[in-house]
Amino acid sequence: MSPLVDAPDEATWFNALTTIAGTWGFDRVLIAMLPRPGMRLEDAYVRSTYSQTWRRSYEEQGFMHIDPIVTHCLSRSAPLIWSPELFATRQQRALYELACTHGLRSGLSLPIHGPNQEAGMLCFANNFNTTDSFWTHIDGVLPNLVLLRDVVIDTSRRHLHSHAQTVLPQLTPRERECLNWTARGKSTWEISHILSCSEAAVNFHVKNIRAKFGVNSRRAAAVIAAQLGLIDPG
């Protein structure tokens, strides 16, 4: 694991990850992480050795929104071993059949839930059929892969931080003001008087703010914005 820990840059770090995975029989690796809550799946940090053609199709067709592997990894902690039965709906079966044509027939996904609310998955794949020998192989390497996942979480932070800075929510000046006052504990009525606008206008800005941060409350948006340095909570 030391090549991951000692990697001086992102390329070396990811190359170390793929090399380790290769020694355990997986020639395709993907790591996908949301550095903070509220980010769109489309904005995830993704590095992989999957086919570029497959990655492009996956993104263009929005497969991340129907992929049962993504759903599992965002809501569960247990490892998920791929099987054809996992892809139950017509759209999911089409996804799996297309993935198979790109060498992603079998594999294992480990959910990522980091200490700073990072969420995502680490996937190891190959083109093997899911025979008894495949399951035996998984049983043998699973403890090592779980340990590798934990090391990946710890060593990914600087790469995630750089990525997160490129996909910051873009706030208008008025939205920023509303968030600043929200962070100071002001109500809609109070903010409307401070900004000399109607409560409806404040609610309009707050609705847009919640959508941009992908959260259900203005307070959650204010907390995230403060963490990202987008506002000064005073």
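What you see is a predicted model; the values in this text were computed from it and never measured.

Rules used in this analysis
- Residues numbered from 1 in each chain as written.
- Predicted model: local features only at pLDDT ≥ 70, side-chain atom pairs only at ≥ 80, totals over all residues.
- Heavy atoms only, no water.
- Helix = DSSP H or I, 4+ residues; strand = E, 2+ residues; numbered from the N terminus.
- Contact = heavy atoms within 4.5 Å.
- Domains from an automatic or database assignment.
- Buried area = accessible area lost by both parts, 1.4 Å probe.
- Salt bridge = Lys/Arg side-chain N within 4 Å of Asp/Glu carboxyl O.
- Polar contact = N/O pair within 3.5 Å; in protein donor to acceptor, adjacent residues only side chain to side chain.
- Nonpolar A, V, L, I, M, F, W, Y, C, P; charged D, E, K, R; others polar.
- Buried < 20%, exposed > 50% of the residue type's maximum accessible area, 1.4 Å probe, protein only.
- Pairing = 2+ DSSP bridges.
- Axes fitted to C-alpha atoms, helices over the stretch in contact; angles between N-to-C directions.
- Core = buried A, V, L, I, M, F, W, Y, C linked by side-chain atoms within 4.5 Å.
- Parallel < 35°, antiparallel > 145°, perpendicular 65-115°, else oblique.

Thoughts on the environment of Ile-112
1) Next: Examined against the element boundaries, Ile-112 turns out to sit in strand S4 (residues 106–113).
2) Next: The spacing of Ile-112 and Asp-150 is 38 residues in sequence and 8.4 Å in space, taken between C-alpha atoms.
3) Next: In this structure Ile-112 touches Ile-31, Met-33, Glu-118, Ala-119, Gly-120, Met-121, Leu-122, Arg-149 and Ile-153, once residues within four positions along its chain are discounted.

Quick notes on the domain arrangement of the protein
1) Next: In terms of domains, the protein is made up of domain 1 (1–165) and domain 2 (173–228).
2) Next: Centre-to-centre separation of domain 1 and domain 2, based on C-alpha positions: 36 Å.
3) Next: Taken together, the two surfaces of domain 1 and domain 2 that pack against each other cover about 350 Å², and 56% of this comes from carbon and sulfur.
4) Next: Seen at the junction of domain 1 and domain 2, the total is zero salt bridges.
5) Next: Linking domain 1 with domain 2 are zero residue pairs in polar contact (both at pLDDT 80 or more), by the criterion used here.
6) Next: Looking at side-chain class alone, the side of domain 1 that touches domain 2 contains two nonpolar, one polar and one charged residues.

With respect to the pairing of strand S1 (residues 28–34)
Two faces, one strand: in a regular strand the side chains alternate between the faces of the sheet.
1) Next: Of all seven residues making up S1, six are buried, and the element is well covered by its neighbours.
2) Next: Relative to strand S5 (residues 119–126), S1 runs antiparallel, the two sharing seven bridges. In the strand pairing of S5, Leu-34 is matched with Ala-119.
3) Next: The pairing of S1 with strand S2 (residues 45–48) spans four bridges and is classified as antiparallel. Note on S2: the bridge partner recorded for Ala-32 is Val-46.

Some words on the sheet that holds S1
1) Next: With antiparallel pairing, five strands are arranged side by side in an open sheet as S2-S1-S5-S4-S3. The open sheet is flanked by S2 and strand S3 (80–81), the only strands paired with a single partner.
2) Next: Most of the contacts of helix H4 (residues 68–75) go to S4, to which it runs at about 35°, and overall it touches S1, S3, S4 and S5.

Quick notes on the pairing of S5
1) Next: Of all eight residues in S5, eight are buried, a share of seventy percent or more.
2) Next: As judged from the eight bridges shared by S4 and S5, these two strands associate in the antiparallel manner. What sits directly across from Pro-111, in S5, is Met-121.
3) Next: Between S4 and S5, which pair antiparallel one after the other, the connecting turn spans five residues, and Gln-117 there sits at a positive phi close to 70°.

Structural notes on the nonpolar core
1) Next: Counting 28 residues, the largest nonpolar core has Leu-4, Ile-31 and Phe-124 as the members making the most contacts within it.
2) Next: Residue assignment for this core shows that the elements contributing at least two residues are helix H2 (10–23), S1, S4, S5 and helix H6 (132–155).
3) Next: For this core, the element with the most residues is H6, which contributes eight residues.
4) Next: Not counting residues up to four positions away in its chain, the partners in contact with Leu-4 are Trp-13, Ala-16, Leu-17, Ile-20, Leu-148, Val-151, Val-152 and Thr-155.
5) Next: In terms of nonpolar packing, the next biggest core, distinct from the first, is built from 21 residues, Met-64, Val-70, Ala-99 and Cys-123 among them.

Things to note about the packing of helix H8 (residues 173–183) against helix H11 (residues 218–227)
1) Next: The contact between H8 and H11 brings their axes to 9 Å, and the two run at 100°. Looking at the two axes, H8 sits roughly perpendicular to H11. Along its contact with H8, which presents Leu-179, Thr-182 and Ala-183, the element H11 presents Arg-218, Arg-219, Ala-221, Ala-222 and Ala-225.
2) Next: Of the residues in the contact of H8 with H11, the class split is five nonpolar, one polar and two charged.

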